[in-house]
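Tertiary structure, described
Below are the chains, spelled out letter by letter.
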Amino acid sequence: MPEKLRSMVLESPFTLRMWEFPYPEVPEDALVVKMEMVGVCGSDIHAYEGLKSVRGRDLPIILGHEPVGRVYEIGKKARVEMESRGNLLTEGDRVTWMSWLPCGKCPVCKLMPQSTQLCQNPFFYGFTNCDKEENKPWIFGGYGEYIYIKPGTYLFKVDESIPLEAIVMTDTIVSVRGVEKAMTPYPNIKEGFGFMDTVVVQGDGPIGMCAAAKAKALGAGIVIMTGHHESRLKLANDFGVNSVIGPEYDSAEKRVKEVYNITNGRGADLVLGCTGVPLTMLEGIGMTRAGGTYVEIGTVADRGTVPINPALHIANKDIRIMGQKYAPPQQYDRDLKFVEKRIFPFEKLVTHHFKLEEAQEAIETHLKRKSMKTVLLA
Ligand SMILES: [Zn+2]
Ligand SMILES: [Zn+2]
């Protein structure tokens, strides 16, 4: 058993440093995982930049919530109780887990058990302070050699044949739950996303690619992607995209016009905002057909406001505008199955690998938009 466990700690905005933590005591209902790989997520970047987001405000923290690793030490009860699909667990098993935990005590958890993503007091792996006494044993982030897994965590055993890079993408796929939310049936015919509908995905990053794949898997007839990066758009075809509106369409007007060209003047049935840039929401609503649906997926950090004209953008278009925040545990199970089925080559989204001690460089690479998905190897 190692005496000192190394983790990269976000001490203050723009500063990551290697800290050492003591090896924790493992009670019978918990476990320790030796990390293999962790994804660098957009919300890690928000915390790194010191942006106001719901998560990651109480520095210092060990980032990392897109994990895969192997069971290193496991308590007696955890061996039989911890795996979400009922599998027994033992040392050496490869596992991943949902990156947060509902509290189980708030009114949402008690009265809306299908919507625990709205829990009022959730626990987050990868965003928990790591120097306060009450947060012991502190190693709750994936940017480390080892991580402590609390009782109640939604943990999944994964097959050895799945590439680590594909497993790491699970959390990103979970984060495009809005594609499924858009299927919510409404009483009127043809409201909500359905079979053979035309979908626009705004944004060519990992979230956009996962949203395109999910829309295709759920029955989209045509998937159109808008994006600025030639190198990224080359991957679009692998993720179910039929038509790309690339950097040569250099204004919102041109991109909206092209969507109407492709759809015979109707507009898209469903538009998925996956850029993280608030202003593209107006462009996306512009692409949405009358009576269609727009889902804001990518903008999770507060990056400002956009001017909405309630008459033109919403009421007279008769559209649905939806949001989404994290996802409940059942979503994680479904999306891990989606990865396990190997329908789309999610591992291709991982373009850059860094060592744990290079975490800052990994984040900077992501910030400069040089990578699609960046991962750290423990
Ligand atoms: Zn994430
Ligand atoms: Zn709760």
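In the block above lies the structure referred to throughout.
A brief look at the structure comes next. (Residues numbered from 1 in each chain as written. Chains lettered and ligands numbered in written order. Predicted model: local features only at pLDDT ≥ 70, side-chain atom pairs only at ≥ 80, totals over all residues. Heavy atoms only, no water.)

Remarks on the coordination of the zinc ion (ligand 2)
Looking at the zinc ion (ligand 2), the protein donor atoms are Cys103 (SG), Cys106 (SG), Cys109 (SG) and Cys119 (SG), and they sit 2.3 Å from it. Coordination at the zinc ion (ligand 2) comes from four donor atoms whose angles at the metal span 101 to 119 degrees, giving a geometry best classed as tetrahedral. Mapped onto the sequence, the residues coordinating the zinc ion (ligand 2) show the spacing C-x2-C-x2-C-x9-C. On the basis of relative accessible area, Cys103 is assigned to the partly exposed category, the value being 24%. (Donors = N, O, S within 2.8 Å, 3.2 Å for Na, K, Ca; no water. Tetrahedral: all angles 85-135°; square planar, octahedral: opposite > 155°, others 65-115°. Buried < 20%, exposed > 50% of the residue type's maximum accessible area, 1.4 Å probe, protein only.)

Regarding the nonpolar core
Ranked by internal contacts, the top residues of the largest apolar core, which has 105 residues, are Tyr143, Leu272 and Phe346. In terms of residue count, strand β3 (residues 31–40) provides more of this core than any other element does, seven residues in total. Those residues within four positions of Leu272 in sequence are excluded, and the remaining contacts are Val179, Val199, Val200, Val201, Gln202, Ala211, Val295 and Ile297. Within the second largest apolar cluster, 14 residues are counted, among which are Ile224, Val256, Val306 and Ile319. (Core = buried A, V, L, I, M, F, W, Y, C linked by side-chain atoms within 4.5 Å. Helix = DSSP H or I, 4+ residues; strand = E, 2+ residues; numbered from the N terminus. Contact = heavy atoms within 4.5 Å.)

A short note on the packing of helix α7 (residues 206–217) against helix α12 (residues 329–340)
Contact pair α7 / α12: the axes reach a minimum separation of 12 Å and the direction vectors enclose 85 degrees. In terms of orientation, α7 lies roughly perpendicular with respect to α12. Within the contact between the two elements, α7 uses Ala213, Lys214 and Ala217 and α12 uses Gln331, Asp335 and Phe338. Considered class by class, the residues forming the contact of α7 with α12 number three nonpolar, one polar and two charged. (Axes fitted to C-alpha atoms, helices over the stretch in contact; angles between N-to-C directions. Parallel < 35°, antiparallel > 145°, perpendicular 65-115°, else oblique. Nonpolar A, V, L, I, M, F, W, Y, C, P; charged D, E, K, R; others polar.)

Side note on the packing of helix α9 (residues 252–262) against helix α10 (residues 280–287)
Following both chains from N to C, one finds α9 and α10 inclined at 25 degrees, their axes separated by 9 Å at the closest point. Considering the angle they form, α9 stands roughly parallel to α10. Every pair of crossing elements has a handedness; the one defined by α9 and α10 is right-handed. Note on element contacts: α10 touches α9 through Glu283, Gly286 and Met287, opposite Ala252, Arg255, Val256, Val259 and Tyr260. (Left-handed = near helix turned anticlockwise from the far one by under 90°.)

Re the coordination of the zinc ion (ligand 1)
The protein atoms that coordinate the zinc ion (ligand 1) are Cys41 (SG) and His65 (NE2), at distances spanning 2.1 to 2.2 Å. Here Cys41, found in the loop between β3 and α1 (42–48), pairs with His65, found in the loop between α1 and β4 (67–74); they are 24 residues apart in sequence, far enough to count as distant. An identical accessibility class is assigned to Cys41 and His65; each is buried.

What about the sheet that holds strand β11 (residues 222–226)?
Pairing is parallel in the open sheet, where six strands are placed in the order β12-β11-β10-β13-β14-β15. With partners counted over all chains shown, the strands left at the sheet margins are β12 (243–245) and β15 (320–322), one partner each. The sheet shows a mean angle of 20 degrees between the axes of neighbouring strands, taken without regard to direction. With five bridges joining them, strand β10 (residues 198–202) and β11 adopt parallel strand pairing. Looking across to β11, one finds that Val200 is bridged to Ile224. Its contacts with the sheet place α9 against β10, β11, β12, β13 (268–273) and β14 (288–296), and it is angled at close to 160 degrees to β12. Each of β10, β11, β13, β14 and β15 touches α10; the most contacted strand, β14, lies at about 145 degrees to it. (Pairing = 2+ DSSP bridges.)

A look at the pattern of salt bridges
Throughout the structure, instances matching the rule amount to 27 salt bridges. Arg94 is the partner of Glu160 in a salt bridge, and the nearest nitrogen-oxygen pair spans 3.9 Å. Residue Glu160 is located in the loop between β9 (155–157) and α4 (164–168), and its partner Arg94 is located in strand β5 (residues 94–97); the two are separated by 66 residues in the primary sequence. Glu160 sits in the partly exposed class, given a relative accessible area of 46%. A salt bridge links Lys214 to Glu180, with the shortest nitrogen-to-oxygen separation between them at 2.7 Å. Residue Lys214 is located in helix α7, and its partner Glu180 is located in helix α6 (residues 178–181); the two are separated by 34 residues in the primary sequence. With respect to class, Lys214 is no different from Glu180; both count as buried. One network of salt bridges, with partners in common, ties together Glu36, Arg70, Arg94 and Glu160. (Salt bridge = Lys/Arg side-chain N within 4 Å of Asp/Glu carboxyl O.)

Regarding α9
Listing the buried residues of α9 in full gives Arg255, Val256, Glu258 and Val259. Projected down its long axis, α9 carries its buried residues within an arc of 160 degrees, all on one side. Every exposed residue of α9 that faces more than 90 degrees away from the buried side is listed here: Glu253 and Lys257. Where α9 is buried, its residues touch β10, β11, β12, β13 and α10. Two residues or fewer past α9, Asn264 is found with a positive phi of approximately 55 degrees. (Arc of directions from axis to C-beta.)

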